[in-house]
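A look at the structure
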Amino acid sequence: MAPAAITLAAEAPKLSAANTGFMLICSALVMLMTPGLAFFYGGMVRVKSTLNMLMMSFISLGIITILWVLYGFSVAFGTDKGSLFGWDGDYVGLSGIGLTQLWDGYTIPVYVFAVFQLMFAIITPALISGALADRVKFTAWALFITLWATIVYFPVAHWVWGTGGWAFDLGVIDFAGGTAVHINAGAAALGVILVIGKRVGFKKDPMRPHSLPWTMLGAGLLWFGWFGFNAGSWLGNDDGVGALMFVNTQVATAAAMLAWLIYEKLRHGAFTSLGAASGAVAGLVAITPSGGAVSPLGAIAVGAIAGVLCAMAVGLKYKFGYDDSLDVVGVHLVGGIVGSLLIGFFATGGGQSDAAGLFYGGGLTQFWKQCAGVGGVLAYSLIASAILAFLIDKTIGMRVSEDDEVTGIDQTEHAETAYDFSGAGGGAAARTSVPAPVAQESKKVDA
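On a predicted model such as this, the values are computed, not experimentally measured, just so you know.

**Focus on the overall build of the protein**
Looking only at helices and strands, the protein features 18 helices and two strands. Scaling as 2.2 N^0.38, a compact globule of 447 residues should have a C-alpha radius of gyration of about 22 Å, and the protein matches this with 24 Å. If you line up the protein on its principal axes, its C-alpha atoms span 120 × 50 × 40 Å. The buried share among the 447 residues of the protein stands at 52%. If you take every contact in the protein between residues at least 6 apart in sequence, the share linking residues at least 24 apart comes to 76%. By element, 67% of the accessible surface of the protein is carried by carbon and sulfur atoms, the whole surface being about 18,800 Å². In the protein, the 21 positive side-chain charges and the 27 negative ones have mean positions that sit 12 Å from each other.

**Considering the side chain of Asn248**
Assignment of secondary structure puts Asn248 in helix α8 (residues 241–268). With sequence-adjacent residues up to four places away left out, Asn248 is seen in contact with Ile287, Gly291, Val294, Ser295, Pro296 and Ala299.

**Quick word on the side chain of Thr124**
Note that Thr124 resides in helix α3 (residues 110–128). We classify Thr124 as buried; its relative accessible area is 0%. Residue contacts for Thr124: discarding those within four places in its chain leaves Trp148, Tyr153, Ala180, Val181 and Ala185.

**Notes on the environment of Thr288**
Locating Thr288 in the fold gives a position in helix α9 (residues 273–290). Setting aside residues up to four positions removed in sequence, Thr288 forms contacts with Phe175, Ala176, Gly177, Gly178, His182, Trp226, Phe229, Asn230 and Met245. Among the polar contacts made by the side chain of Thr288, one reaches the main-chain carbonyl oxygen of Leu284 at a distance of 2.7 Å.

**Side note on the packing of aromatic side chains**
Taken as a whole and assessed by the stated rule, the structure comprises 31 aromatic pairs. Each ring, one from Phe39 and one from Trp214, has its centre 5.2 Å from the other, and the planes form 65 degrees; the classification is edge-to-face. Placement of the pair is Phe39 in helix α1 (residues 17–44) and Trp214 in helix α7 (residues 212–231), with a sequence separation of 175 residues. Looking at Phe39, the relative accessible area reads 27%, which means it is partly exposed. Consider the rings of Phe73 and Trp103, whose centres lie 6.0 Å apart with planes at 45 degrees: the pair is tilted. On the criterion of sequence distance, the pair formed by Phe73 in helix α2 (residues 50–77) and Trp103 in the loop between β2 (85–87) and α3 is long-range, its members being 30 residues apart. Classification of Phe73 as buried rests on a relative accessible area of 0%.

**Description of the packing of helix α6 (residues 178–196) against helix α12 (residues 328–346)**
At their nearest, the axes of α6 and α12 sit 8 Å apart, and the two run at 145 degrees to each other. With respect to the hand of their crossing, α6 and α12 are arranged in left-handed fashion. The residues of α12 that touch α6, namely those facing Gly178, Thr179, His182, Ile183, Ala185, Gly186, Ala187, Ala189, Leu190 and Ile193, are Val328, Val329, His332, Leu333, Gly336, Ile337 and Ser340.

Cut-off values and rules
- Residues numbered from 1 in each chain as written.
- Predicted model: local features only at pLDDT ≥ 70, side-chain atom pairs only at ≥ 80, totals over all residues.
- Heavy atoms only, no water.
- Helix = DSSP H or I, 4+ residues; strand = E, 2+ residues; numbered from the N terminus.
- Rg over C-alpha atoms; globule rule 2.2 N^0.38 Å.
- Buried < 20%, exposed > 50% of the residue type's maximum accessible area, 1.4 Å probe, protein only.
- Contact = heavy atoms within 4.5 Å.
- Areas by Shrake-Rupley, 256 points an atom, 1.4 Å probe, with all protein chains shown as cover.
- Lys, Arg positive; Asp, Glu negative; His and termini not counted.
- Charge placed at Lys NZ, Arg CZ, Asp CG, Glu CD.
- Polar contact = N/O pair within 3.5 Å; in protein donor to acceptor, adjacent residues only side chain to side chain.
- Phe/Tyr/Trp six-rings, centres within 6.5 Å; stacked < 30°, edge-to-face > 60°.
- Axes fitted to C-alpha atoms, helices over the stretch in contact; angles between N-to-C directions.
- Left-handed = near helix turned anticlockwise from the far one by under 90°.

Shown next, in the form of structure tokens:
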């Protein structure tokens, strides 16, 4: 008698408390990156623009959160519609999701995946703000990020990460957002600044950072939060790929910071704190798409190449005449391109997938896929963002007046200043308490 055929059904994934807890922590780390970005940018602007720079990041926490719940998650990760966007009625308002309903193929709840991806959606438009410092109306900025997230970010996230998205199906590798986040934001920044023009005094007046300690603090918070951003994008800890990404995040960032500083010393004669902070961010950007595909040695190469190329790129605004206030194009666009394309050379085939790059016997197949992803996202974001900025500028106006810009956008847009020195010995009472002869002598010394 022949033995009965036995068919064993594949065991369905079960909710993992460990992976769920890990992903909640990663989500909190990514949320911290937006305030970290606010400090990073806030220290790089002049005193009179500090609060506005902070607010341009913080407002994204409010607006994008609501949009994501209402329809953003559905557009980005719902059922595919023509490889361009998604839609799922259960995701609208996050109202049709069960408490223990798992994200398809994983061991974490849909709610956890949704909130993790929300933090990516929040920081991406905030990245754009650094290119627009000093000169954009706050109401116009709020309207812009509302429209931009809807028309650009949500669909692009579906292209890259959503099942059925054209870049996803093509096999474009983007572990944590080189195309969907950094190239997307950098191209958008370029599109907007080409429409709204330069700051008053660009290339004439000194526009030095008012607080480099703030910038260093922001860079440190970004570096810290980026471990959640990158390692968390594998959505679990079961096979070691997330650990590889964690290691590569540290390695590439260190290499990029050192490479930027060496370039800066050779080119300009000094190691600057701003260069260290910018180099670190360039490394973080470049390893974001590639860290799950390359080895730690490959991560050193990716970081070092990105550090040098981004340091070179930040000076292009003076050569070509576009006013990228805080080097969003030079760091995020260029860094995202570098990190995405280098996958085609340094992918080992032993990380997140078996796709190998040129240096590991895979030829140029993956490189051309990466080119398609980079080119598609860059072109769409650049053109769509420029059109949105143009429409807003022609309706409610995108820029503050020249007088308001000179006075300071903090005062004119927020009725506040970042620092109040009246209580630090410089008030009227302190001045009137100085005897007249001493005051006269002080004036002579000051002169």
